[in-house]
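Spelled out, the chains give:
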Amino acid sequence: MVRNTLTLGGSRGRTGVAVLRRLLVITAVVAFGAGGVWLVARASTPTAGPTTTEIPALRVEAASVEPGTIAPASSVTIGGGPAAGPGEPEPDPVTPQAEQGTDSLAGWADRVAPVAGVPARALIAYGQAELAMRAEHPECRISWATLAGIGRIESYHGQYGGATLQEDGYPSKPIIGVPLDGSPGVRAIADTDGGRFDGDTTQDRAVGPMQFIPGTWNRYASDGNNDGAGDPQQIDDAALGAGRYLCVGDRDMADAEGWWSGILSYNNSTEYAQKVFGLADGYAKAARTVAGG
């Protein structure tokens, strides 16, 4: 497998200038698999500006776990109760439109946010994506906690570079990565979107809370907030797109082999995957402590 560049983090520990350059890379979701265009994506054209030196992944510790040996802890399902195990039917999901005895999605997010350390608005996006994928690809069994782990590493849950995540699901300013121009530690990807998503008409840049490369977004663009269009800067859309990307090929994201395969396809770095593992495992366990789910 071709090794992808790390996103908003570093590759394995190296020294000197090389590691700094790698840490500044914000490349994400470099995918070459097949996938249909879900819808025509829409976004206002941002301005490509300088990249902050604040690195979301830098302060995240890699979990001491051997790749492929175990998946993160099962989360509670949204609305309460443990996640279904292998071969077990999924419990009835809880949606914002139809509370089923215990919780609405927003209520769940408000209660989990303080213990998990994730903004409630971001939890809503990750939870909606889990529910959508549970209906669309139930065999995938992707968890909101895994999506939250990726969102934390990629953009501080839509708060990268001093941005704030707004109620409409957009960061207060566009999240745009460095030019993918082939410089040391950076993959070379020529412009594929005419600057529509990243403001750069020469090179592609990773964009949005889940750090999609424009070409990959064109394959997995999703409308998570049901406004009729998909925008990688909008966290509901981006989280659902990431879920669809991770679930491609009938992958089971609750299985150890499937989980590691999915995360390494998102970013082909063992350290990156170990960081996502630690975060996802921690988020799931934190949510378990919340009374009623």
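Residues numbered from 1 in each chain as written. Predicted model: local features only at pLDDT ≥ 70, side-chain atom pairs only at ≥ 80, totals over all residues. Heavy atoms only, no water.

A. Representation of the state of the cysteines in the model. Within the structure shown, the criterion is met by one disulfide. Between the sulfur of Cys-140 and that of Cys-247 lies a disulfide, 1.9 Å long from S to S. Between Cys-140 and Cys-247 the disulfide shows an S-S torsion of about -75°. By sign, it is left-handed. Here the residue Cys-140 occupies a position in the loop between helix H3 (120-136) and helix H4 (144-155), and Cys-247 occupies one in the loop between helix H6 (235-246) and helix H7 (256-266), the gap between them amounting to 107 residues. (Disulfide = S-S within 2.5 Å. Helix = DSSP H or I, 4+ residues; strand = E, 2+ residues; numbered from the N terminus.)

B. View of the environment of Tyr-160. Considering the arrangement of structural elements, one finds Tyr-160 in the loop between H4 and helix H5 (214-220). The exposure class of Tyr-160 is buried, given its relative accessible area of 6%. The spacing of Tyr-160 and Gly-208 is 48 residues in sequence and 9.4 Å in space, taken between C-alpha atoms. (Buried < 20%, exposed > 50% of the residue type's maximum accessible area, 1.4 Å probe, protein only.)

C. Summary view of the nonpolar core. Counting residues in each nonpolar core, the largest one holds 61 residues, and the members touching the most others are Tyr-126, Trp-144, Leu-246, Ile-263 and Tyr-266. Looking at this core, the elements that each hand over two or more residues are helix H2 (105-116), H3, H4, H5, H6, H7 and helix H8 (270-288). (Core = buried A, V, L, I, M, F, W, Y, C linked by side-chain atoms within 4.5 Å.)

D. Geometry of the packing of H3 against H6. Two elements in contact, H3 and H6, have axes separated by 8 Å at closest approach and are oriented at 40°. Taken together, H3 and H6 sit at an angle that is classed as oblique. Once H3 is placed against H6, the crossing between them reads as right-handed. Of the residues in H6, those touching H3 at Arg-121, Ala-122, Ala-125, Tyr-126, Gln-128, Ala-129, Ala-132, Met-133 and Glu-136 are Ile-235, Asp-236, Ala-239, Leu-240, Gly-243 and Arg-244. For the contact of H3 with H6, a count of residues per class yields nine nonpolar, two polar and four charged. (Axes fitted to C-alpha atoms, helices over the stretch in contact; angles between N-to-C directions. Parallel < 35°, antiparallel > 145°, perpendicular 65-115°, else oblique. Left-handed = near helix turned anticlockwise from the far one by under 90°. Contact = heavy atoms within 4.5 Å. Nonpolar A, V, L, I, M, F, W, Y, C, P; charged D, E, K, R; others polar.)

E. Summary view of the packing of H2 against H3. Where H2 contacts H3, the axes come no closer than 8 Å and their chain directions differ by 130°. The pairing of H2 with H3 is recorded here as oblique in orientation. Relative to H3, the crossing made by H2 is right-handed. Along the contact surface, H2 presents Leu-105, Ala-106, Trp-108, Ala-109, Asp-110, Val-112 and Ala-113, while H3 presents Ala-120, Leu-123, Ile-124, Gly-127 and Gln-128. Here the residues of the contact of H2 with H3 sort into nine nonpolar, two polar and one charged.

F. Region of the structure containing the pattern of salt bridges. Taken as a whole, this structure holds seven salt bridges when the rule is applied. In this structure, Arg-121 and Asp-236 form a salt bridge, with 2.6 Å as the shortest nitrogen-oxygen distance. Remark: Asp-236 occurs in helix H6 and Arg-121 occurs in helix H3; sequence separation between them is 115 residues. In this structure, Arg-121 and Asp-236 share a single accessibility class: buried. The residue Glu-136 makes a salt bridge to Arg-244 at a minimum N-O spacing of 2.8 Å. You can see Glu-136 sitting in helix H3 and its partner Arg-244 sitting in helix H6, a full 108 residues away along the chain. (Salt bridge = Lys/Arg side-chain N within 4 Å of Asp/Glu carboxyl O.)

G. Here's a closer look at the packing of aromatic side chains. Tallying each qualifying case throughout the model produces seven aromatic pairs. Judged by centre distance (5.3 Å) and plane angle (85°), the rings of Tyr-220 and Tyr-245 are edge-to-face. With a gap of 25 residues between them, Tyr-220 in helix H5 and Tyr-245 in helix H6 connect regions that are remote in the sequence. Residue Tyr-245 is classed as buried on the basis of its relative accessible area of 4%. Measuring from centroid to centroid gives 5.7 Å for Trp-259 and Phe-277, while their planes differ by 90°, and the two rings are edge-to-face. (Phe/Tyr/Trp six-rings, centres within 6.5 Å; stacked < 30°, edge-to-face > 60°.)

H. The arrangement of the confidence of the model for the protein in detail. The pLDDT averaged across the protein works out to 78; a share of 70% of its residues lies at or above 70. For the protein, the element scoring lowest by mean pLDDT is helix H1 (residues 16-23), at 40; H6 scores highest, at 98. In this model, residues 1-54 is a region of pLDDT below 50 whose contacts with residues beyond four sequence positions or in other chains number 175 contacts. The low-confidence segment residues 80-102 (pLDDT under 50) makes 40 contacts with residues lying over four places distant or belonging to another chain. (pLDDT = per-residue confidence, 0-100.)

I. Fine view of the environment of Pro-114. Tracing the chain through its elements places Pro-114 in helix H2. Its relative accessible area of 64% is what places Pro-114 among the exposed residues. Along the chain, Pro-114 and Ala-287 lie 173 residues apart, while their C-alpha atoms are 9.7 Å from each other.

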